[in-house]
Each structure stands twice: as structure tokens, then as C-alpha cells.
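# Geometric and topological summary
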Protein chains: 2
Amino acid sequence: MNPMTSTTTTGQERKAPGRPRNAQADQAILDAVLTLLADGQSAAALSIESVAAKAGVGKATIYRRWANKEALLIDAVRSMKGPLPEVGGVSAREDLIALVTANRSSRAREFGIVTACILPELQRDPELNRMHHAVMEPRRERMREILRRGVANGEFRADLDVHLAALMLSGPSMMLGMFGDATGVSEEDFPARLVDALVRGLAA
Amino acid sequence: MNPMTSTTTTGQERKAPGRPRNAQADQAILDAVLTLLADGQSAAALSIESVAAKAGVGKATIYRRWANKEALLIDAVRSMKGPLPEVGGVSAREDLIALVTANRSSRAREFGIVTACILPELQRDPELNRMHHAVMEPRRERMREILRRGVANGEFRADLDVHLAALMLSGPSMMLGMFGDATGVSEEDFPARLVDALVRGLAA
């Protein structure tokens, strides 16, 4: 996403910059937010001062780009999630593997922690919760679309619970990201192994 | 678990009490730790003072029972997890449902947050990480035992990856606990629906 042209989740243009936007500085600021949260800083305790210090910029640089801490938090979550992946493979199975792969990241562990640690703040702040939902829901819906397509083309069973199946793809992925080796599960080729295990089922 | 007789994860008796142990006070202290963490307090920032204030006890009461903050954190995680459930149903399917049910809780959302938010602290402190592993691993192994039994009795496929299958049971459960309604998945009868969806698979 190009920060020059991005809009907020309410569809309004972001706060107009006082000088030309610097995508590199924007990313450094968003990374600083994610690093502080992943390091155990609570969202409530996170201060613009600490973000500025971590990113090596002045507070004014942050306030030129984001109106408040809530807008900054949501953009950090969005940047962590990356762009909504386009899929269109030969089969729903292939699309699910592509989507699980896109949702994974070398920073999966940090991202699992960040996701969990902002939850108390989301609960306290309905507007923040709404903004977070606006970031997450299109990603959940993309997963469900592929599952529905698999039902329609006969790959998946007609009585599939698509919400449950989507949770069965994202939950294990998040947990592996958070706990890594302790789960006993290898990262190698994980998306394909997960999708195939789910498609085939445990039954003999 | 009776706090009078419990042992630490190293097998040593806990710090000898200066006066008769009070199970109710112990639980209030452990609940205070979990509530503070679930409310967005980082494990690093958690202080014995804040726990004492939340639990309505003096700091000395806490130090009589736990040698340090690390021991208190691990006991809080253990109390959150509850006793390791005994299972022995007619089928592996039934045992999996019983285990997923036992691992769930009305405080699942809080517990998911707590679990995630102590991860940065576990990474910083190898001894704490070891203690946490000692609490978690028997629970993971119980799940794998049931899965292996299902393979042995012919319920589950012979080539089952038991570590992956265990992650596919615990991951969705944790994620539903953390995000609740936003996942689109109902809590009602969730353990049975999860196990059956996993056993049957998505394939038509």
C-alpha cells in the first residue's frame, strides 16, 4: 500500500501531510509500533514518544501523518497484515494454500503477540474495535470466498461450515506463529500440509 | 490443585509458608495476576505491588507463597489451564471432544490474551520459558496420546501427523477464545463441531 494515497478505514483521506510524504519514514514508524508491542508493551501504555524514539523521528513527524494513537495502531496492524492477496488458482485447495502462505510471515511470532496484545485495548475502545474489524474482516471474507467456491465446484462437501473451516485454517497458523517449535510442528511446507490435512480429515 | 501440597515444576516443595496456607487467598492472588495481564499489563511491567493491590492482600502474603514474580507467573498460567483432564471414552473422537471442552473456559478470551502476552517475557527469560514449557507440554502430549490411540484402533488414518493434528485442535480453540463473535463461529457445541469437522475433512 502506498502511504501517499492510502485512506483511513472510514474512507476519508488521511491527515494531509505538511510536507512530501516519506514512505520509508512511515514504514519505520509502523515497524516501531509493532516492535514495541511485540516486545511486551501494552497498547494502552504505548506512547507517541516511545514510538518516535524507537523510529528515530520526531513526534511531529508522527502527528503529521496520523491524527492520534488509535489511527497509528490500526495502520500498524494493516501494514503487518500486508495487502489483501489476490488468488485465482486452478483449485480451491491451491487458493487456500496461497492464502495461508500470504498470511504467514517471518515475523509471524511477533505478529501473533501484537494481535493478542491489542485485544484489551480494542475491548476498551469501540471506535478502535470498529477500525480493527474493518482491517480484519476482508481477510476473513477472502478465506470464506475460496471455501464457498470449493463447495460450488464440488471440491468440498456441500454441508461445509465455512466460518468454522476458515477458523481451522487461521487458528493453527496463528498458534504456530506464536509458539513455533514448542508445538512440535515444522514450518517447512506448513501451508500445504495444513490445507491437505484439513481437506482429507483425520478419519481412516 | 491444592496449594497446600502443590510442588513447583522443578519438583521441589514450594517455599514453606510462615503460617497455614489459605487456598482462597492463593486463588485471589493468581486471579489478580491473570486479570492484570488480560487487561493489557505486560508480564515485564507486572509488579508484586500491583498484584497485591488487585488481590487485596499485602505484598508479604505473596512473598510467603512465591519466591519471585516468575514462580507466581507460572502458577497463574497453571491455574488458568486447570488440572490435566483425565479422559477414557469409548472412542478417540469422544476423548478429543472431552479434551477440547476441558481446555475451554468462560474466560477463554482473557486466557488467550494472557498466553500471548507472556510470550515476550518467556523469550527473555530461559528459566521462565522452561517452567512454562513444563506446564504446557503435558497438555499437548495428552492430546497427542489420544490421537495416537485413534490411529492404533483404526479410527484415524495410519499416516496421521499427530503434532499437526493437535495444533489443528488447539489453534482454532484459542483463536475463537480470543476473537469470539468476530470469527463468525458460534461457541455453542464448538468442541464437537470442531472435532467432527476435522475428523471428516473438507473434501466432498
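Residues numbered from 1 in each chain as written. Chains lettered and ligands numbered in written order. Predicted model: local features only at pLDDT ≥ 70, side-chain atom pairs only at ≥ 80, totals over all residues. Heavy atoms only, no water.

### Some details on the nonpolar core
Of all hydrophobic cores here, the largest spans 129 residues; its most connected members are L147(A) and L147(B). If near-sequence neighbours (up to four positions away) are discounted, L147(A) is found in contact with L96(A), F156(A), L160(A), V162(A), A165(A), A166(A), L169(A) and L202(B). (Core = buried A, V, L, I, M, F, W, Y, C linked by side-chain atoms within 4.5 Å. Buried < 20%, exposed > 50% of the residue type's maximum accessible area, 1.4 Å probe, protein only. Contact = heavy atoms within 4.5 Å.)

### Observations regarding helix 2 (residues 48-55) of chain B
All names here are of chain B. Listed as buried for helix 2 are I48, S50, V51, A52 and A55. The elements touched by buried residues of helix 2 are helix 1 (23-38), helix 3 (59-65) and helix 4 (69-81). Positive phi shows up at G56, right after helix 2, with a value of about 70 degrees. (Helix = DSSP H or I, 4+ residues; strand = E, 2+ residues; numbered from the N terminus.)

### Re the interface of chain A and chain B
With 55 residues of chain A at the contact, the number on the chain B side is 55 residues. Here chain A and chain B share an interface that buries about 4,800 Å² over both sides, 67% of which is from carbon and sulfur atoms. When residues of chain A are sorted by the area they lose upon contact with chain B, R157(A), L167(A) and L202(A) head the list and together hold 16% of the total. Among the ionic pairs, D159(B) bridges to R200(A), the shortest N-O distance being 3.5 Å. If you look at where chain A meets chain B, you find 17 residue pairs in polar contact (both at pLDDT 80 or more). Where the side of chain A that touches chain B is concerned, the elements lending two or more residues are helix 6 (108-117), helix 7 (119-124), helix 8 (126-152), helix 9 (162-179) and helix 10 (190-200) of chain A. A total of 13 residues in the side of chain A that touches chain B trace back to one element, the largest contributor, which is helix 9 of chain A. Counted by class, the side of chain A that touches chain B contains 30 nonpolar, 13 polar and 12 charged residues. (Buried area = accessible area lost by both parts, 1.4 Å probe. Salt bridge = Lys/Arg side-chain N within 4 Å of Asp/Glu carboxyl O. Polar contact = N/O pair within 3.5 Å; in protein donor to acceptor, adjacent residues only side chain to side chain. Nonpolar A, V, L, I, M, F, W, Y, C, P; charged D, E, K, R; others polar.)

### A look at helix 2 (residues 48-55) of chain A
Owing to its 3.6 residues per turn, the α-helix aligns residues three or four sequence positions apart on the same side. Residue and element names in this part refer to chain A. Here helix 2 has its buried residues at I48, V51, A52 and A55. The arc that holds the buried residues of helix 2, viewed along the axis, is 100 degrees, so those residues lie on one side. At its buried positions, helix 2 is contacted by helix 1 (23-38), helix 3 (59-65) and helix 4 (69-81). (Arc of directions from axis to C-beta.)

### Some points on the packing of helix 1 of chain A against helix 6 of chain A
All names here are of chain A. Axis separation between helix 1 and helix 6 bottoms out at 8 Å; the angle between their running directions is 80 degrees. Relative to helix 6, the element helix 1 is oriented roughly perpendicular. Across the interface between the two elements, L34, T35, L37 and A38 from helix 1 touch E110, F111, I113 and V114 from helix 6. Split by residue class, the contact of helix 1 with helix 6 holds 6 nonpolar, 1 polar and 1 charged. (Axes fitted to C-alpha atoms, helices over the stretch in contact; angles between N-to-C directions. Parallel < 35°, antiparallel > 145°, perpendicular 65-115°, else oblique.)

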